[in-house]
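One letter stands for each residue in the lines below.
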Amino acid sequence: MASRQKNRLLWQVPFLVLLIIGTILIIRQQQSTPYQHCRGTIFGTTYSIAYQHKENLQPEIEACMLAVDSALSMFNEKSIISSVNRNEPTRLNDMFLNVFKLAQQVSADTEGAFDITVGPLVNAWGFGYQNGELPNQHAVDSLRQFIGYQKVQYDGKTIHKDDPRIVLDCSAIAKGYGVDVVARLLRDKGVENYLVEIGGEVATRGISDKRLPWKIGVTKPTDKPMSEQNELQTVLNVTDKCMATSGNYRNFYYKGGRKYAHTIDPKTGYPVQHNILSATVLADQCAVADAYATSFMVMGLEKAKKLLEKHPDLMAYLIYDEKGHNQVWYSPSLKEKMLK
């Protein structure tokens, strides 16, 4: 019996040696493979991408982002969404349909807090891809008849609108989806370590070039100019997760002594007056995080917390105002990811 065990161990030794050597070679190869960096502009904002790969993949990365732009950009007159908004016969591709279907799912889940038909109201209040004068009650009521995610359907072939004047605007989800598309490209290329950031929305995998987990800061909400918005509220470990933030402190203006924020409630037609200053959401998909971050800004603190109870797949870090002081609420499962 002892002889058999001895022989078995002798057979196992070469395999263990090969395993150790193979592991060492893999680690050395990973350490010697450089991190590539690319930056630029897309979707009316900036992007910054870092990834560990022996080749520069920027041409393919940019091709992915341009494909998303061609499907979803309101600024691109030749995009699919622009054609749909003009009520032209349009061939819908997978990118457009993936985002449309996800947007409708989130809209139903949030009882309309997220709504890709809200664009005309956003524009009417002086935000978005067009600017205009502040609307009165009559103007708001007139626009609301064209607002509502239930008024748009996909029948398996094309988009149907209850009214041809309804406009789709995927600005609150397109950046996150663009991040997902680039991240998927990198994974398909065998990239194990990357950070993809488009307009503040982020996806990460593996470790950074410092051999440490990816860490992303959450900016402290402030009314100060953009150049002074550098103070961090917290730092999160976002490794192998996606993160998106929506905040009224990022896009607002004062008129007649009143502050107008860019988050519009589709149900009332007016800028939200909730006390949430910013909503950061972590999810497995950046498009999902993007959409729910916007939703929570519309819903307010209490409704956002109740919805999160139904979604263990989501984690949120919410900063809100309490009598002039910033307060924080976060998902219990997020505590282990907080570094500051």
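Going by the structure above, here's the rest.
Okay, so let's go over this structure. Going along each chain's sequence as written, the residues are numbered from 1 onward. Predicted model: local features are reported for residues with pLDDT of at least 70 only, side-chain atom pairs are reported and counted for 80 or more only, and whole-chain, interface and lining totals are derived from all residues. Side-chain numbers come from the whole structure's heavy atoms, not from hydrogens or water.

## Remarks on the packing of aromatic side chains
Geometry of an aromatic ring pair is reported as the spacing of the ring centres plus the angle between the planes. In this scheme Phe, Tyr and Trp rings, the latter by its six-membered ring, pair at centre separations within 6.5 Å, and the angle between planes marks the pair as stacked below 30 degrees, edge-to-face above 60, and tilted otherwise. Counted according to the given criterion, the structure contains three aromatic pairs. Ring geometry for phenylalanine 96 versus phenylalanine 100: centroids 6.2 Å apart, planes at 10°, classification stacked. Here phenylalanine 96 and its partner phenylalanine 100 are both found in helix H4 (residues 94–109), four residues apart, which amounts to about one turn of the helix. Between the aromatic rings of tyrosine 292 and phenylalanine 296, the centroid separation amounts to 6.0 Å while the plane-to-plane angle is 45°, which identifies the pairing as tilted. Taken together, the residues span about one helical turn, with tyrosine 292 and phenylalanine 296 both in helix H8 (residues 286–299) at a distance of four residues. Accessible area is worked out with a 1.4 Å probe on protein chains only. A residue is then buried under 20% of its type maximum, exposed over 50%, and partly exposed in between. Classification of tyrosine 292 by relative accessible area gives buried; the value is 6%. Here phenylalanine 296 falls in the buried class, since its relative accessible area comes to 0%. Where helices and strands are cited, they refer to DSSP runs of H or I of at least four residues and of E of at least two residues respectively, numbered from the N terminus.

## As for the nonpolar core
What makes a nonpolar core is a set of buried Ala, Val, Leu, Ile, Met, Phe, Trp, Tyr and Cys residues whose side-chain atoms join them at distances within 4.5 Å. Counting 76 residues, the largest nonpolar core has Ile61, Phe96, Leu186 and Phe296 as the members making the most contacts within it. The element contributing the most residues to this core is H8, with 11 residues. Other than its neighbours up to four places away in sequence, isoleucine 61 contacts Cys38, Ile49, Tyr51, Val182, Leu185 and Leu186. Within the second largest apolar cluster, 15 residues are counted, among which are Ala50, Met243, Met315 and Leu334. In what follows, a contact means two residues having at least one pair of non-hydrogen atoms within 4.5 Å.

## Examining the sheet that holds strand S5 (residues 194–198)
Pairing between strands is defined by DSSP: at least two bridges between them are needed. Sheet architecture is open: eight strands sit in the order S1-S2-S5-S6-S9-S12-S13-S14, paired in antiparallel fashion. One side of each edge strand has no neighbouring strand; the edge strands of this open sheet are strand S1 (35–42) and strand S14 (325–330). Within the sheet, the average angular offset between the axes of one strand and its neighbour, ignoring direction, is 10°. Direction of pairing for S1 relative to strand S2 (residues 45–52): antiparallel, over a ladder of eight bridges. By the bridge assignment for S2, tyrosine 35 is matched with glutamine 52. This element, helix H9 (residues 301–309), spans strand S12 (276–283), strand S13 (315–322) and S14 of the sheet and lies at about 165° to S13. Every axis corresponds to a line fitted to the C-alpha atoms, with the helix fit spanning only the stretch in contact, and the corresponding angles, defined between N-to-C directions, vary from 0 to 180 degrees.

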